[in-house]
Amino acid sequence: MRLTINNLKKKSKDEIAQMLGLTDDLPPSKEAALERLSTLGIPTKKSEEYRYFDVESLLDKSYEVHMHVPKEPKIGEKIVIENGIIIEVPKGMRVYYDQCDALDLTHYDPIYYLGHLLAPHVIKIDLDGDAEVELVHRYTHSGALLPYRIVLFNQENRHATVYETFETEEISDSLILYGYDMHIAKDSTLRLIKTQSMDENRYAMISSNRIKVNDHANALIKTFDLGGDQALQLFKVDLGTYSHIDAGHLLYLNHQAKRGTVSKINHIGEHSTSQQEAKNILDGNARGIFDALIKVEHSAKWTKAHQNSKAILLHEDAYMAAKPQLEIYIDELEASHGATTGQLDRKQIFYLQSRGISYVEARKMLVIAFANTLIETVKDTRHQERIQKAFEKAFYTGHKELKR
Amino acid sequence: MSNNKNEKVLEIKDVHAKIGNKEILKGLSLDLEPGKVHAIMGPNGAGKSTLSKTIVGHYDVEMTGGDIIYKGKSIKDWEPEERALEGIFLSFQHPVEIPGVNNAYFLRTAVNAKRKHEGKEELNAAEFLREMKKYLELLGMKSDMISRSLNEGFSGGEKKRNEILQMMMLEPDVIILDEIDSGLDIDALRAVSEGINRMKDGKRSFLVITHYSRILDYIEPDYIHVLKDGKVIKTAGPELVAQLEEHGYDAIEE
Ligand SMILES: Nc1ncnc2c1ncn2[C@@H]1O[C@H](COP(=O)(O)OP(=O)(O)O)[C@@H](O)[C@H]1O
Ligand SMILES: [Mg+2]
C-alpha cells in the first residue's frame, strides 16, 4: 500500500479509516485513536508542536507502507527490532506483539495517533526487576513508511535501564513513525538512554512518546541526537504525586539537519519534580529545536520545575529554536527556566592556543567539553564511553571548518 | 650589555598597539637577552598586561606599528599557537576557567603538540602522568589537579600554581609572567618562585611583570625596566628596585 499522509488532511473519520486500510470492526483503542486523529488533524507548519520542523514536506511524500511480517525472534544479548519486527530478544525477557490497551486519550500530537493507527500491533516490553537492556533499532528499507510502537512496563520498586541505539543500512527517503507508551510503575525508576546518530538523507523520524510517571516513581530520559537529517522527538509526560523526571537532551547537528525535542511535562500530582536540560551544538546549516512546555496543574502543589537550554552555534548559518515555557496555575512551587544561545568563548579558545593547541583543535576541545557535561550524567562508564565515541565520530566527520 | 644581535632572544621594536580605539603601547622598545631575568615594573594601567598580550598575539590587541623579532624572525603576524610552539609562554594574570576540559588531558595535549612540533615522540597517558605527578609534588599541588577541569573552581593560588605547572612541563624559551605574585600567600609565592628558579638554565629568558617588588626577593632580576604610559622609560640594574620603593614611579625621569 502506498500512502501520502497529507492526503488525509480534512478527511472524515470514515475516509481516513478507509485510506489507511482499516476494517470496520476496529478494536476500541484504534477507534479512539481515529477519533483523536480526526479531531487534531494532520500536522501542518501552522501546528504549534511542529512550527520549527519541516513536517509538511515529509508528509507530502508518497511512501510504501511497510508490511510487518513477524517471525520467531532468536535469543541474543539485546532486543533488536528490524523494520518494526522483533528479531532478537535476550533469554527470558518478555518482548511480544500485542494490542495497545492503554492509549493516552489526551496526547497533543496527531502523529501519536497516526502511528497507533498504522502500526498493526504494538511491541510490548515488560521489564522485569532491575533489568538493564540494550535496544537496537535497525532500518533496511528505502522509500518506506515504517510505523511501529513500543509499550513499555516496568515493575514497582525496581530500577530498570534501557540503552537505545539506531542502525541503518544504506537506505534513503524513508519515514519512521515511532514512539513509546511508557508506564513507569509506582516507586520505581526507569532510565532511558537514547543515542541516535543519523547520516544525511537516510531516513526521517517522528518519534511520539507518552510517559506516565506514577506516584513516587522516577523517570530518567537522556537523549543524544547526533549528525544530520530530520527527526523530531515529542514527549508528553504526566507526573504523579512525588514523582520525578530528569530529562537531558544533547543535540549535535550538522549539514542541513533539523532535529530536536518538543515536550510537554504535566505536573499533576503534588510534590512532583521535573528537571530538563538541553545542550545544543549546531554546525553547518543545521537547525536545533527545543520547544518545551512545563505545565503545573492546580492539583500539583509544592512542585519543583527547572528547565534550561544552552546552545552553541559553530557556524553562522546554524540556528537554534529554543522555546522553554512554563504554564503555572498555582503559587506553591519552585520553578525556573531559561535559554541561551552563543558562540564558543574566545577567551577559552585563546587560552588553549597560547599553550600551542591549534585554533581548530581548541574549538573541538571546547565543543567536546560542552557535550561531556551531559554525557557524563550517564553513570555507566561503558555506555558513557560509547556515547562519547558516537559524539566524537559525528563531530569529527560532520564538522564544517570555519575560517577564522 | 651588548649590541650583538645574537644576544637578543626577543626584540620589541617601537611597538604601537591599540585595544579597541585606545592606543595603549606608544612606541615601546625592549630587548630580552638569553638566560636573563628582566623585570617590568610600572603603575596600574601602564600597559604591562597589554605588552604581554601583544607578545603572545592576543585577539584584543591590534598592533599598529613596530615589530616583534623572536630568534631573528618577525612574529607579529604569527598565530598564537605558533608563538607557543616556538617557545613563548605567558602565565596569565587571570587564567580562564574551562569547565569540562580535564586539566591533565589539556596539558598532555599541549605538551604533545609541542613535542610533535619539535619532532619528538609524543608521550602516552602513563608517561605523561608520571611526569605531571612529579611536578605537582614539587609545586605542592594536590593530586586531584589531574582529574579536575582546567582552572574550574581553582583558588587564586591554585590557578597560579597551575600556570607554573604548565610552564615547567612545556619547557619554553621565553617565559612571561604577568603578576604571578598577585594574590599569593607566602607559601604559594615560595612554591611558585622555586618553580621559576628551577627553570633558569642560563639560556631561558624571563619577563617578570610585577606591580610590587615582593616577587623580586625570590627571583633575582638582572634588569629592571620601568613601563609608564605605554613606553619603557627606564632600564637599569636591580638596584633600581629599592629606589622605586622609596620614591615611586613618578620620580623616574625619562
Ligand atoms: N580589553 C580592554 N578593553 C579596553 N581597555 C583595556 C582593555 N585592557 C586594558 N585596557 C586599558 O589599557 C590600559 C592598560 O591596561 P593594562 O595593560 O592591563 O595595564 P597594566 O597591566 O599595566 O595594569 C588601561 O588603561 C586599561 O584600562
Ligand atoms: Mg596587568
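Residues numbered from 1 in each chain as written. Chains lettered and ligands numbered in written order. Predicted model: local features only at pLDDT ≥ 70, side-chain atom pairs only at ≥ 80, totals over all residues. Heavy atoms only, no water.

1. Quick notes on the coordination of the magnesium ion (ligand 2)
What counts is decided by this rule: Only nitrogen, oxygen and sulfur atoms qualify as donors, provided they sit within 2.8 Å of the metal or within 3.2 Å for Na, K and Ca; with water excluded from the atoms, sites may seem incomplete. Elements are defined by DSSP. Helices are runs of H or I of four residues or more, strands are runs of E of two residues or more, and each kind is numbered from the N terminus.
Around the magnesium ion (ligand 2), the protein contributes the donor atoms B:Ser49 (OG) and B:Gln93 (OE1), which lie 2.1 to 2.5 Å from the metal centre. Residue B:Ser49 is found in helix 1 (residues 48–56), and its partner B:Gln93 is found in the loop between strand 6 (88–91) and strand 7 (98–102); the two are separated by 44 residues along the sequence.

2. Re the interface of chain A and chain B
To keep things clear, this is the line we draw: The contact criterion used is simple: two residues touch if any of their non-hydrogen atoms lie within 4.5 Å. Note on definitions: buried area is the accessible-area loss of two parts on being combined, 1.4 Å probe, summed for both. Criterion for a salt bridge: a side-chain nitrogen of Lys or Arg within 4 Å of a carboxyl oxygen of Asp or Glu. Pairing of N or O atoms within 3.5 Å defines a polar contact, subject to two protein rules: one partner must be a possible hydrogen donor and the other a possible acceptor, and residues neighboring in sequence count only if both atoms are side-chain atoms.
Across the contact, 17 residues belong to chain A and 30 residues belong to chain B. Each partner contributes to the roughly 2,100 Å² buried at the junction of chain A and chain B, and carbon and sulfur atoms together form 68% of this total. Considering only the side of chain A, the residues that lose the most area to chain B are A:Phe350, A:Tyr351 and A:Arg355, jointly responsible for 38% of the buried surface there. Taken together, the links from chain A to chain B amount to one salt bridge. Applying the counting rule to chain A against chain B returns 10 residue pairs in polar contact (both at pLDDT 80 or more). No other element matches helix 5 (residues 346–353) of chain A, which puts seven residues into the side of chain A that touches chain B.

3. Let's talk about the site of ligand 1
All names here are of chain B. For the record, the criterion: In these notes, residues near a molecule or strand are those with any non-hydrogen atom within 4 Å of it. All accessible-area figures derive from a Shrake-Rupley calculation using a 1.4 Å probe, and residue coverage is judged against the displayed protein chains alone. Three residue categories are used. Nonpolar comprises Ala, Val, Leu, Ile, Met, Phe, Trp, Tyr, Cys and Pro, charged comprises Asp, Glu, Lys and Arg, and polar comprises the others, including Gly.
Looking at ligand 1, the residues that line it are Ile19, Lys22, Ile24, Pro43, Asn44, Gly45, Ala46, Gly47, Lys48, Ser49, Thr50 and Asp60. For ligand 1, an oxygen atom lies 2.8 Å from a polar atom in the side chain of lysine 22. One nitrogen or oxygen atom from the main chain of glycine 45 is found 2.8 Å from an oxygen atom belonging to ligand 1. Summarising the interface, the protein chains cover 64% of the accessible area of ligand 1, which totals 560 Å² for the free molecule. Of all the elements in the fold, those that place two or more residues in the shell around ligand 1 are strand 2 (22–32) and helix 1. For the shell around ligand 1, a count of residues per class yields four nonpolar, five polar and three charged.

4. What about the sheet that holds strand 11 (residues 159–168) of chain A?
All names here are of chain A. The criterion, for reference: The rule for pairing is simple: two strands pair if DSSP sees at least two bridges between them. Every axis in this analysis is a line fitted to C-alpha atoms, fitted for helices over the stretch in contact. Angles between the N-to-C directions lie between 0 and 180 degrees.
Taken in spatial order, the 11 strands line up as 3-5-4-8-11-14-16-18-20-22-24 in an open sheet, and their pairing is mixed. Bordering the open sheet on either side are strand 3 (74–76) and strand 24 (333–342), each of which pairs with just one other strand. Adjacent strand axes in the sheet meet at a mean angle of 10 degrees when their direction is disregarded. Inspection of the sheet shows strand 4 (residues 79–82) paired to strand 8 (residues 132–139) by four bridges, in the parallel sense. For isoleucine 81, the partnering residue across the bridge sits in strand 8 and is histidine 137. Taken strand by strand, helix 6 (residues 359–375) contacts strand 16 (218–227), strand 18 (244–253), strand 20 (273–282) and strand 22 (303–313), and its axis lies near 160 degrees from that of strand 20.

5. What to know about the packing of aromatic side chains
Residue and element names in this part refer to chain A. So the rule is basically this: Each Phe, Tyr or Trp ring (for Trp, its six-membered ring) is paired with any other whose centre lies within 6.5 Å, and the angle between the two planes then decides the class: stacked below 30 degrees, edge-to-face above 60, tilted in between. Note on classification: 1.4 Å probe, protein chains only; a residue is buried when its accessible area is under 20% of the maximum for its type, exposed when over 50%, partly exposed between these limits. The criterion is that NZ of a Lys, or CZ of an Arg, lies within 6 Å of the ring centre and within 35 degrees of the ring normal, and then a charge sits over that ring.
If you walk through the whole model with that rule in mind, you get 14 aromatic pairs over all chains. Ring geometry for tyrosine 112 and tyrosine 113: centres 4.9 Å apart, planes at 85 degrees, overall edge-to-face. Accessibility expressed as a relative area gives 0% for tyrosine 113, which makes it buried. Seen from their ring centres, tyrosine 252 and phenylalanine 391 are 5.7 Å apart, and the 75 degrees between their planes marks the pair as edge-to-face. Here the residue tyrosine 252 occupies a position in strand 18, and phenylalanine 391 occupies one in helix 7 (residues 381–398), the gap between them amounting to 139 residues. The same class applies to tyrosine 252 as to phenylalanine 391, namely buried. Ring pairs connect the aromatic residues Tyr139, Tyr148, Phe166, Tyr178, Tyr180 and Tyr203, which therefore count as one cluster. The cationic tip of lysine 279 hangs over the ring face of phenylalanine 370; the distance from NZ or CZ to the ring centre is 5.3 Å. One residue, arginine 355, lies across the ring of tyrosine 351, its end atom 5.0 Å from the ring centre.

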